[in-house]
Amino acid sequence: MFVLRNAWKSVTRNKGRNILIIVIVTIIAAAVTIGLSIRQAATTARTNGLADTTVTAQISLDRSKLINESRQQTTTDSDSSDSSETDGKPDFDAMRSALADKQLSLADYQKYAKASSAVKSTYYTETTGLSATDDFQPVSDSDNSSESSGSDNAKKSGDGSDDTDASGKQNGQSTPPDGKMSDSGGMSGQDGETIVSGDFSLVGFSSDEAVSNASNGSFTMVDGKVFGYGASSDGDVIISKSLADFNNLSVGDTITVSDTNDSDTTYKLTIVGIYKNSTDSSQQMGGPMRSTASDPANAIYTSVSTLKSLGLDADADSDSAAQLSYTYVCSSKSDYETFAKDAKKAGLSSDYTVSSADVENYESSLVPLNNLSKFALTLLIVVLAVGAVVLVVITLLNVRERKYEIGVLTAIGVNKVKVAAQFTLELLIVTMIGLAIGAGAGAAVSVPVSNQLLASQIEQQQSQQIGQREQFGRDMTKSGDSTDSKDGSDSSAGSATADESNGDGGKSQRRTQGGPGMMGRAVDYVSSVNATVNLKVVGQLLLVGLGLTLVAALVAVVFVLRYEPLQILADRS
């Protein structure tokens, strides 16, 4: 009781010095509160951002792994052979052989879906190319609308030629520099959409869920209705309004298209609906990959059952077999991770990987927030280091000024431990007052300050992307041009704009990434976080305050225990 009473009297007696300590601790506490809130918000966004959000997953072939293994095997074989080649050229045949016959069938995909209870649902699409006929032409601004079409130049089926030639073409398709071959032998574009040759892309859907997630984006029926998925709807298709207008067609009309590899093989399809696509604009790819089939306006939608009835489905044994894209739907990120493990247990080869565009896009959206979290950690370290030094210096000066008081107390019989405890208690009282004020101030400004700092990080990220494009002195998207994103919003490469949506991590702000030779890719950066102060932050702040107090008090304890009372009084006299 003696220690507590003397400590309180000393606190009230030395107001100036203690107010200075309170101000310093308040500044430290406010900065620490903001830093801890930012780091907690970042952690929450990373862990809970996809906790209750539907996550889609795909199984894809790990081509890089297979190619590297093929190269290593070729190198090993050449080293052990006396007649090894010395020209240093890659063994293309060996690499093609390593990638051959690696396509998963529909049954394989379904097997992995049944092997995991984490899969909520599945859907898939099958896409193939079709060529124009005299009565049905694709939307195009050129007479030579299908430079990559196989209607005139493709090999006839059954001519005995190899499907893959020395130039890397497969079934009349060439691999684009930025594209990659899909598991079913076709090509995938920048965002993973399937690219086919021909004048039209015939897309077969397995269900309404597959239709709602069409790679060309959402669409609205302007006439008629969507096809069914049973055998009774075989041959029913829907086409875009642009394509219908271009050919003067309406619901109920019949169209005739031909096989890309055999122009003598034709298919008759019945139009049951006409749709308006949200991305129904000039998205036709230019350059050597110019093909009207890549234009959303020339996409013909139907059911998987129709492709099967035409002998064009993914399991068909023909050059015109469709390219299969299978999607697994999970309820959360944790379910997605569980599915990945279950698929491996079910026998999925290490040649394949389980990935999720949703997870990858979300992680990309967290880049500014992660940068801000690192900045907050640096701020915490600097503030705590400076704060600790300042408190130690003030405490040291305080003890030296009160040396005579210490000598008197110890001379009249007060134990040195009690004197040291009094100084520690004084410092604790003052720092706790400063922590309380600092915590309140930090709580009041943590949310606006955090979001302002995050906005600065987003702008910095955007400026960096623009700078990278400008470094090359060119851009695929010309000034003033724009492309429609999948949600129908207008965005141009390098622009900052625009939609905001609520989520677990706060709001997200759409930015468009792009670069030389790349199509613009929209990223919804997490632009607002709920950096509020809760009990966890308060607990961490108390630990920080106690730590600073103990460090500063340790100096006082050391000096108090070193002092000899008689020597102090003798020096004083």
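A quick note: this is a predicted structure, and the numbers were derived from the prediction, not measured.

Novice: Any chance you could explain the side chain of Ser373 here in plain terms?
Specialist: Tracing the chain through its elements places Ser373 in helix H11 (residues 367-401). Excluding residues within four positions of it along the chain, Ser373 makes contact with Ile38, Arg39 and Ala42.

Novice: Explain the pattern of salt bridges to me, please; I cannot follow it from the model alone.
Specialist: As a working rule, side chains carrying opposite charge can pair if their charged atoms are close by. Under the definition given, this model contains four salt bridges. Notably, a salt bridge pairs Glu69 with Lys65, separated by 2.8 Å at the nearest N-O pair. One end of the pair is Glu69 and the other is Lys65, both in helix H3 (residues 63-79) and four residues apart, which spans about a single turn. A salt bridge links Asp351 to Lys65; its shortest N-O distance comes to 3.0 Å. Of this pair, Asp351 sits in the loop between helix H9 (333-345) and strand S13 (352-355) while Lys65 sits in helix H3, and the two are 286 residues apart along the sequence. One salt-bridge network, in which partners are shared between bridges, spans Lys65, Glu69 and Asp351.

Novice: Before we go on, may I ask you to explain the pairing of strand S11 (residues 299-303) in this structure?
Specialist: A regular strand carries its side chains on alternate faces of the sheet. Summarising burial for S11: five of the five residues are buried, a large majority. On S11, burial covers both faces: Ala299, Tyr301 and Ser303 on one face and Ile300 and Thr302 on the other are all buried. Looking at chain direction, strand S6 (residues 200-205) and S11 are connected through five bridges and run parallel. In the sheet register, Phe205 faces S11, and the bridge partner there is Ser303.

Novice: Got a minute to help me understand helix H1 (residues 2-13) in this structure?
Specialist: In an α-helix, one turn spans 3.6 residues, which is why side chains three or four residues apart end up on the same side. Between the first and last C-alpha of H1 there are 16 Å, a value that for twelve residues agrees with the 16 Å anticipated at 1.5 Å per step. Looking at H1, one finds that the buried residues are Val3, Asn6, Ala7, Ser10 and Val11. Seen end-on, H1 carries its buried residues on one side only, within an arc spanning 140°.

Novice: Looking at this structure, how should I read the nonpolar core?
Specialist: Inside soluble globular proteins, nonpolar side chains tend to come together where they are buried. Ranked by internal contacts, the top residues of the largest apolar core, which has 38 residues, are Ile59, Tyr328, Phe339 and Val354. In this structure, Ile21, Leu36, Ala439 and Leu548 belong to the second largest nonpolar core, which totals 24 residues.

Novice: Would you explain unusual backbone geometry in this entry?
Specialist: Comment: phi is negative for the bulk of residues other than glycine, and the bulk of peptide bonds are trans. Backbone geometry at Asn248 places phi at a positive 55°, although glycine is not the residue there. With respect to the element layout, Asn248 can be found in the loop between helix H7 (241-247) and strand S9 (254-259).

Novice: Mind showing me how you'd approach the packing of aromatic side chains here?
Specialist: Geometry of an aromatic ring pair is reported as the spacing of the ring centres plus the angle between the planes. Applying the stated criterion across every chain, the model contains eleven aromatic pairs. Taking 5.7 Å as the distance between ring centres and 80° as the angle between the ring planes, the aromatic pair formed by Phe227 and Tyr229 counts as edge-to-face. A relative accessible area of 5% means that Phe227 is categorised as buried. Considering the side-chain rings of Tyr326 and Tyr328, the 5.1 Å spacing of their centres and the 55° angle between planes classify their relative orientation as tilted. Each member of the pair, Tyr326 together with Tyr328, is buried.

Novice: Could you clarify how one ought to interpret the environment of Tyr267 in this entry?
Specialist: Mapping Tyr267 onto the fold places it in strand S10 (residues 266-277). Separated by eleven residues in the primary sequence, Tyr267 and Thr256 have C-alpha atoms spaced 5.6 Å apart. With near-sequence residues (within four places) excluded, Tyr267 lies in contact with Leu130, Ile255, Thr256, Val257, Ser258, Asp259, Leu310 and Leu312. A distance of 3.0 Å separates polar atoms of two side chains, one belonging to Tyr267 and the other to Asp259.

Rules used in this analysis
- Counting starts from 1 at the beginning of each chain's written sequence and moves along it residue by residue.
- Whole-chain, interface and lining totals are the exception, using all residues; otherwise, since this is a predicted model, local features are given only for residues with pLDDT of at least 70 and side-chain atom pairs are given and counted only at 80 or more.
- Each side-chain value is worked out from all heavy atoms of the structure, with water and hydrogens disregarded.
- The secondary structure listing takes helices from DSSP runs of H or I that are at least 4 residues long and strands from runs of E that are at least 2 residues long, numbered from the N terminus.
- Only heavy atoms matter for contacts: two residues are in contact if any of them lie within 4.5 Å across the pair.
- Here, a salt bridge means any side-chain nitrogen of Lys or Arg that lies within 4 Å of a carboxyl oxygen of Asp or Glu.
- Per-residue accessibility, obtained with a 1.4 Å probe over protein chains only, is compared with the maximum for each type, and a residue is labelled buried under 20%, exposed over 50%, and partly exposed between these values.
- Only when DSSP finds a minimum of two bridges between them are two strands counted as paired.
- Expected helix span is given by 1.5 Å per residue-to-residue step, counting one fewer step than there are residues.
- The arc under discussion is defined with respect to the helix axis, by the directions toward the C-beta atoms.
- Put simply, buried Ala, Val, Leu, Ile, Met, Phe, Trp, Tyr and Cys residues joined by side-chain atoms within 4.5 Å make one nonpolar core.
- When two rings of Phe, Tyr or Trp (its six-membered ring) have centres within 6.5 Å they constitute a pair, described as stacked for plane angles under 30 degrees, edge-to-face for angles over 60, and tilted for the intermediate range.
- Here a polar contact means two N or O atoms within 3.5 Å. Within protein one must be a hydrogen donor candidate and the other an acceptor candidate, and residues neighboring in sequence count only if both atoms are side-chain atoms.

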